[in-house]
Amino acid sequence: MNTAYFVVESGAFYQTDYQMKMISANDIPGILKIKGKGVNGRSRYEYDIQGKHSLEFMTKKEPVTYDMIIGIITDLLDTIEEMRDYLLSPNQLLMDPRSIFFGNGRYSFCYYPPNDKGIAEGFHELTEFFVREADYQDRSGIYIAYALHKMTLGENYQIRQVIEEILRNQEEEWQDQEEEPEKDADPEETDEDWNVEEYVYGETEDSSQDDSMYDDWGLEDKPFAETVKEKLQGWKRVKELLFGKKKLLKDLR
């Protein structure tokens, strides 16, 4: 009557191992409380989500924003760090938007022992969700969604390295901006003046590369690569928008 649960079932026979005992006996920040049991030869896992809303539910009301992405990835890093002390593997975290919940000012995740997808594959699919559901009016949001997706295309990438590199590059850009003297805007400057070289994280993208790399986004019916480039309008504009978000990142430290 007073509790809501998110339920995940598995065809495997249920076994109580150290993972379930560890989560049941401890309050681990970022990990939802869980109950497991066997039903008719299957496994059933129930997560306490009282007072929380799933990411999928939230994005039905509003698109994915820059603040939302930053909140998810920083809370994910904090959760992974906490899990180390309890000998829990990040590969058992579910990255499906239906299994990520927000409440009490932070995002929480489901620890699913039978998970065989792994966090690298799951997080890459989450970045696809970011790109599909991003607010195209939020240029900094579409930029970071695009950057995350691009950096997770590799088969054996390190999720912590990807997230920390993006956050570090943003902070360095903000610091550089603070050190630069302010310049008056040129009244004769046009949009064409902003078409500087597009900034990307990681390796420099070959300009001759076609748009086939976006096929796994499930957006074949939409020229999404062109949309992203149009929305970004070069790194210089996006950078200015990111500078305006510097207070948020400092608060997240």
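Here, the structure is the one placed above.
Residues numbered from 1 in each chain as written. Predicted model: local features only at pLDDT ≥ 70, side-chain atom pairs only at ≥ 80, totals over all residues. Heavy atoms only, no water.

A. Spatial organisation of the packing of helix α3 (residues 66-84) against helix α4 (residues 119-133). Viewed as axis vectors pointing N to C, α3 and α4 meet at an angle of 165 degrees, and their least axial separation amounts to 12 Å. Between α3 and α4, the angle is such that the two are roughly antiparallel. Regarding α3 and α4, the two cross each other, and that crossing is right-handed. Facing I69, I72, I73, L76 and I80 of α3, the residues of α4 in contact are I119, F123, L126 and F130. Considering only residue class, the contact of α3 with α4 consists of nine nonpolar, no polar and no charged. (Axes fitted to C-alpha atoms, helices over the stretch in contact; angles between N-to-C directions. Helix = DSSP H or I, 4+ residues; strand = E, 2+ residues; numbered from the N terminus. Parallel < 35°, antiparallel > 145°, perpendicular 65-115°, else oblique. Left-handed = near helix turned anticlockwise from the far one by under 90°. Contact = heavy atoms within 4.5 Å. Nonpolar A, V, L, I, M, F, W, Y, C, P; charged D, E, K, R; others polar.)

B. Local environment of the sheet that holds strand β4 (residues 53-54). Reading across from one edge, β4-β5-β6 is the order of the three strands in this open sheet, with antiparallel pairing throughout. Either end of the sheet is taken by a strand with one partner, and the two such strands are β4 and β6 (106-109). One ladder, built from four bridges, connects strand β5 (residues 100-103) with β6; its direction is antiparallel. Bridging across to β6, F101 finds its partner in S108. (Pairing = 2+ DSSP bridges.)

C. Layout of the sheet that holds strand β2 (residues 34-39). Taken in spatial order, the three strands line up as β1-β3-β2 in an open sheet, and their pairing is antiparallel. Every other strand in the sheet has two partners, leaving β1 (5-10) and β2 as the edge strands with one partner each. Sheet twist, expressed as the average angle between the axes of neighbouring strands with direction ignored, equals 20 degrees. In terms of strand pairing, β2 meets strand β3 (residues 42-48) through six bridges, oriented antiparallel. Bridging from a neighbouring strand, I34 pairs with Y47 of β3.

D. Representation of the pattern of salt bridges. For the structure shown, the criterion picks out ten salt bridges. Ionic pairing is found between E9 and R42, a salt bridge with its closest N-O pair at 3.8 Å. You can see E9 sitting in strand β1 and its partner R42 sitting in strand β3, a full 33 residues away along the chain. A relative accessible area of 43% places E9 in the partly exposed class. In this structure, the salt-bridge partner of K117 is E125, at a minimum N-O distance of 3.0 Å. Since its relative accessible area comes to 38%, K117 is described here as partly exposed. Each of the salt bridges in this network shares a partner with another, and the network as a whole consists of E9, K37, R42, R44 and E46. (Salt bridge = Lys/Arg side-chain N within 4 Å of Asp/Glu carboxyl O. Buried < 20%, exposed > 50% of the residue type's maximum accessible area, 1.4 Å probe, protein only.)

E. Examining the nonpolar core more closely. Judged by nonpolar contacts, the single largest core of 54 residues is most densely connected at Y47, L76, L93, F123, L126, F130 and L148. The dominant element in this core, judged by the number of residues it contributes, is α3, at ten residues. Those residues in contact with F130 that lie beyond four places of it in its chain are L55, V64, I69, I72, A145 and L148. (Core = buried A, V, L, I, M, F, W, Y, C linked by side-chain atoms within 4.5 Å.)

F. Quick look at the pairing of β1. Alternating positions in β1 separate cleanly, F6, V8 and S10 being buried on one face and Y5, V7 and E9 remaining unburied on the opposite face. When β1 meets β3, the two strands line up antiparallel, connected through six bridges. Bridge pairing in β3 links F6 to Y47.

G. Focus on the packing of aromatic side chains. All told, the structure shown has five aromatic pairs when counted by the stated rule. Centroid distance F102 to Y107: 4.8 Å. Interplanar angle 55 degrees. Geometry classified as tilted. When its relative accessible area of 6% is taken as the criterion, Y107 is described as buried. Connected via pairs of aromatic rings, a cluster forms that spans F6, Y47 and F101. (Phe/Tyr/Trp six-rings, centres within 6.5 Å; stacked < 30°, edge-to-face > 60°.)

Scope: geometric values only; no functional claims are made or implied.
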